[in-house]
Amino acid sequence: MITIKSIFEFAKAQVSAFTGGLLDYSVMILCTELLHIHYTISIAIGGIIGAVANFSVNRYWTFGASQLPVGNQLVKFIFVVAGSITLKSSGTYLFTNWLNLDYKLTRIMVDIIVSLSFNYILQKYWVFKKPPIEEFEQLD
């Protein structure tokens, strides 16, 4: 069921993703254009840096899960980030070569797809999932 709360949470997740994505994208451009690192490697570097910001914002603000143990969330988040970076790097590479478009454009296309269909779903329902009320009260 879609509620105002779920819409607001989704909006906050998109703000967080956009913020982390800007950092990620900027680092990718810097590494590729100025340091002459291949864009697929630059995506990984930017992805790691953007993930640090994204984890913090999502844990404390988006999903309000800061009262839960950070270790389990962090391990799960690392798996999500590894999958996300793999999808973004390979998707950007494939779209760039198949469509003969600039990597900066295909990266944005791939980011939108990965962010909505992979990152958001796994972060909401796996990484930052809150336990049932009974378990939650035992954490205090």
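Residues numbered from 1 in each chain as written. Predicted model: local features only at pLDDT ≥ 70, side-chain atom pairs only at ≥ 80, totals over all residues. Heavy atoms only, no water.

A.B. asks: Explanation requested: the packing of helix H3 (residues 70–99) against helix H4 (residues 103–127) in the structure shown.
C.D. replies: Helix-helix packing is described using two parameters, namely the angle between the two axes and the distance between the axes. The geometry of H3 relative to H4 is characterised by a closest axis approach of 8 Å and an angle of 155° between their N-to-C directions. Accordingly, the angle class assigned to the pair H3 and H4 is roughly antiparallel. The hand of the H3/H4 crossing is right-handed. Taken together, the residues that form the contact of H3 with H4 break down as 15 nonpolar, nine polar and four charged. (Axes fitted to C-alpha atoms, helices over the stretch in contact; angles between N-to-C directions. Helix = DSSP H or I, 4+ residues; strand = E, 2+ residues; numbered from the N terminus. Parallel < 35°, antiparallel > 145°, perpendicular 65-115°, else oblique. Left-handed = near helix turned anticlockwise from the far one by under 90°. Nonpolar A, V, L, I, M, F, W, Y, C, P; charged D, E, K, R; others polar.)

A.B. asks: Before we go on, may I ask you to explain a nonpolar patch on the surface in this structure?
C.D. replies: Residues Tyr93, Leu94, Trp98, Leu99, Leu101 and Leu105 make up a contiguous nonpolar surface patch of roughly 600 Å² in combined accessible area. At four residues, H3 tops the list of elements feeding residues into the nonpolar patch. Positionally, Leu99 belongs in helix H3. Leu99 sits in the partly exposed class, given a relative accessible area of 45%. (Patch = residues over 30% accessible without salt bridge, like charges linked within 9 Å, V, L, I, M, F, W, Y side chains within 5 Å. Areas by Shrake-Rupley, 256 points an atom, 1.4 Å probe, with all protein chains shown as cover. Salt bridge = Lys/Arg side-chain N within 4 Å of Asp/Glu carboxyl O. Buried < 20%, exposed > 50% of the residue type's maximum accessible area, 1.4 Å probe, protein only.)

A.B. asks: Any chance you could explain the side chain of Asn58 here in plain terms?
C.D. replies: Within the secondary structure, Asn58 sits in helix H2 (residues 39–62). A polar contact is formed between the side chain of Asn58 and the side chain of Thr62, at a distance of 2.9 Å. Sequence-distant contacts of Asn58, that is, excluding residues within four places in its chain, are made with Ala13, Ser16, Phe63, Gly64, Gln123 and Phe128. (Polar contact = N/O pair within 3.5 Å; in protein donor to acceptor, adjacent residues only side chain to side chain. Contact = heavy atoms within 4.5 Å.)

A.B. asks: How do you make sense of the nonpolar core when you look at a structure like this?
C.D. replies: Nonpolar side chains tend toward joint burial in soluble globular proteins. Judged by nonpolar contacts, the single largest core of 13 residues is most densely connected at Phe63, Phe77, Val81, Val127 and Phe128. Elements that contribute at least two residues to this core include exactly H2, H3 and H4. For this core, the element with the most residues is H3, which contributes four residues. Leaving out residues up to four positions away in the same chain, Phe63 has contacts with Glu9, Ala13, Asn58, Tyr120, Gln123, Lys124, Phe128 and Lys130. (Core = buried A, V, L, I, M, F, W, Y, C linked by side-chain atoms within 4.5 Å.)

A.B. asks: Sorry if this is basic, but what is going on with the confidence of the model for the chain here?
C.D. replies: It should be kept in mind that the predicted coordinates are not to be read in detail where pLDDT is low. On average, residues of the chain carry a pLDDT of 92, and 94% of them reach 70 or more. Mean pLDDT across the elements of the chain bottoms out in helix H5 (residues 133–138) (53) and peaks in H3 (96). (pLDDT = per-residue confidence, 0-100.)

A.B. asks: Quick question: what am I supposed to make of helix H1 (residues 4–34) here?
C.D. replies: One turn of an α-helix holds 3.6 residues; hence residues three or four places apart share an orientation. Along its 31 residues, H1 runs 44 Å from first to last C-alpha, staying within 8% of the 45 Å computed at 1.5 Å per residue. Taken as a whole, H1 has its buried residues at Glu9, Lys12, Ala13, Ser16, Gly20, Asp24, Val27, Met28, Cys31 and Thr32. For H1, the secondary structure elements touched by its buried residues are H2, H3 and H4. With its phi angle positive at about 60°, His36 sits one or two positions after the end of H1. (Expected span 1.5 Å × (residues − 1).)

A.B. asks: Is there a simple way to think about the packing of aromatic side chains in this case?
C.D. replies: Between two aromatic rings, the relevant description is the distance of the centres plus the angle of the planes. The final tally for this structure, using the stated rule, is seven aromatic pairs. Ring geometry for Phe10 and Tyr120: centres 4.9 Å apart, planes at 85°, overall edge-to-face. One end of the pair, Phe10, is in helix H1; the other, Tyr120, is in helix H4, with 110 residues separating them in the sequence. By relative accessible area, Tyr120 is classed as buried at 13%. With 6.4 Å between their ring centres and 50° between their planes, Phe77 and Phe128 make a pair best called tilted. Taken together, the positions of Phe77 in helix H3 and Phe128 in the loop between H4 and H5 put the pair 51 residues apart, joining distant regions of the chain. An identical accessibility class is assigned to Phe77 and Phe128; each is buried. Among the aromatic side chains, those forming a connected cluster through ring pairs are Phe10, Phe55, Phe63, Phe77, Tyr120 and Phe128. (Phe/Tyr/Trp six-rings, centres within 6.5 Å; stacked < 30°, edge-to-face > 60°.)

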